[in-house]
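The residues making up each chain are set out below.
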Amino acid sequence: MREFFGTLPSGETASLYTISCGRLSAAVSDYGATLVRLLVPGQDGTLADVVLGYDDCNGYREGNACLGAIVGRNANRLKDACFVLNGRTYALTPNENGNNLHSGPEFFSKRMWQVLSHTENALVLELNSPSGDQGFPGNARIRVSYTLEPGALRIAYNAVCDKDTVFNMTNHSYFNLAGHEKTGAAMDQVLILPGRFFNPDDPQNIPTGELRKVEGTPMDFRTPKPIGRDIDLDYEPLVLQGGYDHNWEVFCNPCAILSDPVSGRTMAVSTDCPGIQFYAGNFLDETGKGGVYYGKRSGVALETQFYPDALHHPDWPQPITRAGEKYRSETVYRFL
C-alpha cells in the first residue's frame, strides 16, 4: 500500500509505503528512507507500533532526534570533523562541538529517495550522492532495502562508489517494545548485550581509544537486566554521557536482545557489523505520532555500525570501501 505522507516546502510530495508478512507490518517513507511504523504482536496477540516516529514528512524534516533515520555515509561521530584517506585530508561540516555527527548537517534522512521497487513484503530505495557530498569523496549510488520475512525485519545496505570512500550506514530507530506511546515503559525493558568490551568516550562523546572490559561495571549486559537499573550510577562513562550512549563490540549474534516483560515482545538483533551503539534516549525531547511526547529515555536505539571515530583508530575495523567495490551490510530484527 502507498499513501500520502505530506508535502515538503519544496513542493515535493512524500509517500508512505506499507509492507507486511504474517502479522508483522512496517511503513517506510521515501522521505529519508525512514522507518515510520513497525507493528508487532505481543504474547496475547495485541499489535503495537514499537518504533518512535512522527505523523508526516514534515515532522521528520523538523525533528532533531533521527527517529527511524537511515544514516550515512558515516554513522556516529568523527573527531574534529575530518579524516585522512589515501594521504588526503577530507573536511566535513562540524555539527556537534566541533565534531561531525552522522555526516550532517546534510543528512540522508532529510532527502527524498527514489523507490526502485515495492512488493507485498519488501521496499527498495536508492539515493545518488555526488562526489563532495557531505565532504566525502566519490560519486556514490546507495540502496537500502527493507524486507519483512516470517518473524523478522531485515534492513540491507548496498553501495558502490567511483573513488575510495567511507561507507558506514545504520538505521537510527528508537524502540519501545511496549508500544511507542507507552513512554514510561522503556527503561523497564530488559536488555542483553553479549559484548565483552565497550568504548568509553570523552565528554564530547568521542571514543578515547580504550576498549574497556564490561566485567564489573554497569556496562555489563551479558546477563539480562532492566535498562534503567544501573543507568544513573556514579560511573564516569555514564555520568559523561547522561546514561548509556556507547558502542559495544559485536561478539556474537544475536548481538542484542531486548524484551518487554509486560507485553512479552522480544526482539533479537543480528548484524555483520563489528559494533553496536546502544543509546538510551537520554536527551529525547520530541512530540511524535499522535501527539505523544517522547521525553527523556522514552525509547532506545540499537545502531549496528563500525566503531565510532574508527577512521582515527587504524587498528580498529575500518569503514573504507575501495573504488568500484560493492559495500554491503545488513541487520535483522527478529521478533521471538
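In case you missed it, the structure is sitting above this.
This structure is a prediction, so every number in the text was calculated from the model and none was measured.

Colleague: For this particular structure, what's the right way to read the environment of Asp164?
Modeller: With respect to the helices and strands, Asp164 occurs in the loop between strand 14 (152-161) and strand 15 (165-166). Judged by relative accessible area, which is 19%, Asp164 ranks as buried. Sequence-wise, Asp164 and Glu325 are 161 residues apart; in three dimensions their C-alpha atoms are separated by 8.8 Å. Excluding its chain neighbours within four sequence positions, the residues that come into contact with Asp164 are Leu85, Asn86, Pro137, Thr321, Arg322 and Ala323. At a separation of 3.0 Å, a polar atom in the side chain of Asp164 contacts the side chain of Asn86.

Colleague: Is there a simple way to think about the layout of surface pockets in this case?
Modeller: Gaps between atoms show up when a probe of the same size as a water molecule is rolled over them. Roughly 660 Å³ of internal volume is contained in the largest pocket. Around the largest pocket, the lining comprises 32 residues; the ones closest to its centre are Asn64, Ala65, Cys66, Leu101 and Tyr174. For the lining of the largest pocket, the secondary structure elements donating two or more residues are helix 2 (236-241) and strand 25 (275-279). When the residues that make up the lining of the largest pocket are grouped by side-chain class, the tally is 13 nonpolar, 12 polar and seven charged. Taken as a whole, the second largest pocket holds about 200 Å³ of empty space. Residue lining of the second largest pocket: 15 residues in total, with Ala178, Lys182, Asp260, Val262 and Ser263 positioned closest to the centre.

Colleague: Can you walk me through the sheet that holds strand 17 (residues 174-175) in this structure?
Modeller: Hydrogen bonds between backbone atoms are what pair the strands of a sheet, whose relative direction is either parallel or antiparallel. Strand order in the open sheet formed by six strands is 17-28-25-22-19-20, and the pairing between neighbours is antiparallel. Each edge of the sheet is formed by a strand with only one pairing partner; in this case those strands are strand 17 and strand 20 (212-213).

Colleague: Mind showing me how you'd approach the pairing of strand 28 (residues 300-305) here?
Modeller: Each regular strand carries side chains that alternate between the two faces of the sheet. Of all six residues in strand 28, six are buried; the element is thus mostly enclosed. Where burial is concerned, the two faces of strand 28 agree: the one with Val300, Leu302 and Thr304 and the one with Ala301, Glu303 and Gln305 are both buried. Note that strand 17 and strand 28 share two bridges and pair antiparallel. By the bridge assignment for strand 28, Tyr174 is matched with Ala301. Note: strand 25 against strand 28, five bridges, orientation antiparallel. Looking at strand 28, one finds that Gly275 is bridged to Gln305.

Parameters at a glance
Residues numbered from 1 in each chain as written. Predicted model: local features only at pLDDT ≥ 70, side-chain atom pairs only at ≥ 80, totals over all residues. Heavy atoms only, no water. Helix = DSSP H or I, 4+ residues; strand = E, 2+ residues; numbered from the N terminus. Buried < 20%, exposed > 50% of the residue type's maximum accessible area, 1.4 Å probe, protein only. Contact = heavy atoms within 4.5 Å. Polar contact = N/O pair within 3.5 Å; in protein donor to acceptor, adjacent residues only side chain to side chain. 1 Å grid on protein atoms, 1.4 Å probe; cavity = no way out; pocket = protein on both sides within 12 Å on 5 of 7 lines; lining within 4 Å. Points joined across faces, edges and corners; volume = space filled by probe spheres on them. Nonpolar A, V, L, I, M, F, W, Y, C, P; charged D, E, K, R; others polar. Pairing = 2+ DSSP bridges.

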